[in-house]
Amino acid sequence: MSKGVSKRAEIVPPFIVMDVISAANEMEARGEKVIHCEVGQPSTSAPKGALAAAHAALDRDRIGYVEALGIPPLRERIARHYAQWYGVTLDPQRVVVTTGSSAAFLMAFLAAFDPGARVAMAAPGYPPYRNILAALGMVPVDIVTTEAERYQPTVPALAATGGGLAGLIVASPSNPTGTMVSRDEMAALSATCCERGMRLISDEIYHGLTFEERGVSALEVTDDAIVINSFSKYFSMTGWRIGWMVVPPALVRPIERLTQNLLISTPTLSQFAALAAFDCTEELEAHVRRYRVNRDLLLAGLPKAGFDHLTRPTGAFYLYADVAHLTNDSVDFCRRMLREAGVAATPGVDFDPQRGHRTLRFSFAGSTADMEEAVRRLTHWKR
Ligand SMILES: Cc1ncc(COP(=O)(O)O)c(C=O)c1O
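Residues numbered from 1 in each chain as written. Predicted model: local features only at pLDDT ≥ 70, side-chain atom pairs only at ≥ 80, totals over all residues. Heavy atoms only, no water.

Per an unreviewed UniProt entry, the recorded name for the protein is Aminotransferase, and the organism is Vineibacter terrae. Checking UniProt for the protein, the heading Catalytic activity (unreviewed entry) contains the comment "L-aspartate + 2-oxoglutarate = oxaloacetate + L-glutamate". (UniProt positions renumbered as here; feature names shortened; annotations may be inferred.)

Trainee: Can you tell me about the environment of Ala344, naming the residues and giving the values?
Mentor: Here Ala344 lies in strand 10 (residues 343-344). Given a relative accessible area of 0%, Ala344 falls into the buried group. For the pair formed by Ala344 and His36, sequence separation is 308 residues and the distance between their alpha carbons is 5.2 Å. (Helix = DSSP H or I, 4+ residues; strand = E, 2+ residues; numbered from the N terminus. Buried < 20%, exposed > 50% of the residue type's maximum accessible area, 1.4 Å probe, protein only.)

Trainee: I'd love a proper account of the state of the cysteines, names of residues and values included.
Mentor: Defined simply, a disulfide is a covalent bond joining two cysteines at their sulfur atoms. The full count for this structure, using the stated rule, is zero disulfides. In this structure Cys193 is a free cysteine whose sulfur lies 8.5 Å from that of Cys194, the closest cysteine sulfur available. Since its relative accessible area comes to 1%, Cys193 is described here as buried. (Disulfide = S-S within 2.5 Å.)

Trainee: Explain the site of the ligand to me, and be specific about the residues and the numbers.
Mentor: Around the ligand there are 14 residues in total, and Ser102, Tyr206, Ser230, Ser232 and Lys233 lie nearest to it. The separation between an oxygen atom of the ligand and a polar side-chain atom of Lys233 is 2.7 Å. Computed on the free molecule, the ligand has an accessible area of 400 Å², of which 92% lies beneath the protein chains in the complex. For the shell around the ligand, the leading source of residues is helix 5 (residues 100-112), giving four residues. Its residues assigned to classes, the shell around the ligand shows five nonpolar, six polar and three charged. (Near = heavy atom within 4 Å. Polar contact = N/O pair within 3.5 Å; in protein donor to acceptor, adjacent residues only side chain to side chain. Areas by Shrake-Rupley, 256 points an atom, 1.4 Å probe, with all protein chains shown as cover. Nonpolar A, V, L, I, M, F, W, Y, C, P; charged D, E, K, R; others polar.)

Trainee: Summarise the pairing of strand 5 (residues 167-171); cite the residues concerned and give the values.
Mentor: Buried residues dominate strand 5, accounting for five of its five residues. Going residue by residue along strand 5, you find Gly167, Ile169 and Ala171 tucked away on one face and Leu168 and Val170 tucked away on the opposite face as well. Relative to strand 5, strand 3 (residues 118-123) is paired through three bridges, and the arrangement is parallel. Following the sheet pairing, Ala120 is matched in strand 5 by Leu168. Summarising the sheet, strand 5 and strand 6 (residues 199-203) pair through five bridges and their orientation is parallel. Paired with Ile169 across the strands is Ile201, a residue of strand 6. You can see the chain leave strand 5, run along helix 8 (residues 183-195) and come back into strand 6, and the turn it takes is right-handed. (Pairing = 2+ DSSP bridges. Right-handed = clockwise from strand over helix to strand, strands pointing away.)

Trainee: If you had to explain the packing of helix 5 against helix 9 (residues 249-262) to someone new, which residues and values would you point to?
Mentor: At a minimum axis distance of 10 Å, the contact between helix 5 and helix 9 shows a crossing angle of 120°. Comparing the axis directions of helix 5 and helix 9 gives the class oblique. By crossing handedness, the relation of helix 5 to helix 9 is classed as right-handed. Facing Met107, Leu110 and Ala111 of helix 5, the residues of helix 9 in contact are Leu251, Ile255, Leu258, Thr259 and Leu262. (Axes fitted to C-alpha atoms, helices over the stretch in contact; angles between N-to-C directions. Parallel < 35°, antiparallel > 145°, perpendicular 65-115°, else oblique. Left-handed = near helix turned anticlockwise from the far one by under 90°. Contact = heavy atoms within 4.5 Å.)

Trainee: Which residues make up the pattern of salt bridges, and what values do they have?
Mentor: Taken as a whole, this structure holds 14 salt bridges when the rule is applied. Here Asp370 makes a salt bridge to Lys33, at a shortest N to O gap of 3.6 Å. With Asp370 in helix 13 (residues 368-380) and Lys33 in the loop between helix 2 (16-29) and strand 1 (35-36), the pair connects residues that are 337 residues apart, well separated along the chain. Accessibility expressed as a relative area gives 21% for Asp370, which makes it partly exposed. With its nearest N and O atoms 2.8 Å apart, the salt bridge here joins Glu212 to Arg312. Remark: Arg312 occurs in the loop between helix 11 (281-301) and strand 9 (318-322) and Glu212 occurs in the loop between strand 6 and strand 7 (226-230); sequence separation between them is 100 residues. By relative accessible area, which is 44% here, Glu212 ends up partly exposed. Three or more residues are tied together by salt bridges with common partners; here these are Glu212, Arg295, Asp296 and Arg312. (Salt bridge = Lys/Arg side-chain N within 4 Å of Asp/Glu carboxyl O.)

This is the structure in C-alpha cells:
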C-alpha cells in the first residue's frame, strides 16, 4: 500500500485569486501601493456592537464548546431576521449556525447527497461549490449561462442538462457577476426542483448588499430548500468564520449528528459577536451605501479605460468584465495589470474554467478613494 495523497485531495484545484493576492502582497512588501480589486471581502472590521459583545463575552464566559446546531439565542435571532427582512415565519429549530457558509456547504452536501450525486450550478460561479462537491465524491454539473440570462440558471437551461440531477445551487446575488434572480424566477426554479425530486440550495450570502431591489430568499417560495447565509459579507465578519443555514425539518438531526462528529460546534466567541451584529444596522447600511457609490464609479469610469463590456451588478461587490477584445489569457492579463498598473483583479478562470480566460472580476469592496485611483491607473495604463 502506498502512502500517497488521496485522489479527492489531488483533484481539488487551487483558488487562483490567492496567487494574485500573494503577488500583490509581495509588491506591497517592496513598498509599492497596490489597489486591491481582487479581494472578495469587506475592507471594514466587524461592526462596533459585535466587537463590544465579543469583548464582554471574553470577560464573562469561559468560551467552551456549545450546542452543535448553535446557541439558542442566535438561532432564535436568525429566525427573527427572516420575519424582519422577508416576512417569513421560521421555526428556530430549522436554523443551524455554521463555521462560515463554507461549513454550511460541506454539511448540506453531506446531509443531502450521496457519493456520485450530480449537482448543477451556474458557470460562471463561486469555485468552491464544484470543488467541495468533487472532494466529497459528488459530481458538479456546470450550467453554462449567458449574458442574456444575466448568468443565472433558468428552467430551460436546467432541462438541457439532461436530467439525473440530485440538486441545484442558485446564488443570488451571484459571485462573480452580482446578478440576481427575481421572485418569479426563484419560484420557477424551486417548482422544477420539486417536480424532479431535486434539492434546491440557495446561497444568499450577498443578501443585504443589494442596490436596487432586495434579494429574494428561497424560503419565500418554498420550505423545502436549503438556504445558506453568512456573517461574512453584509455583516462584515469574514475572519470570525460564522454563518448559518436554514434546512427542512428532516435534515436537522442528520446535520446535528454530522456537526457533532466533524466539528463539535461553531466558534463560541463568534456566536456572541454575531448575535449583536443584528443590532448594528446603521453602521452596516453605511457600508452598503459606499458599495453603491463604488459600483457606480466603476461602471462610469472603467469603460473610459477600455473595459467597456461590463455586467451591471444589482448586488454583491463585484463587476464581471468581458475582456475578449484585450486578451485571451486572463491570468497573464491580470498579472500584467498588477505589475504595470498596480491594480489587482481576479482572472475569470477561477469562476468559469471554459470561458474565463477572456473575463475578469473587479471587487469594489474597498474604499471609494481606492476605486477612483483604480480607474485613474487603468485609464493611464499603456497596455
Ligand atoms: C458566493 C459565495 N458563497 C460563499 C462564500 C463563503 O463565505 P464564508 O465561508 O466566509 O461564509 C463566498 C466567499 O467569498 C461567496 O462568494
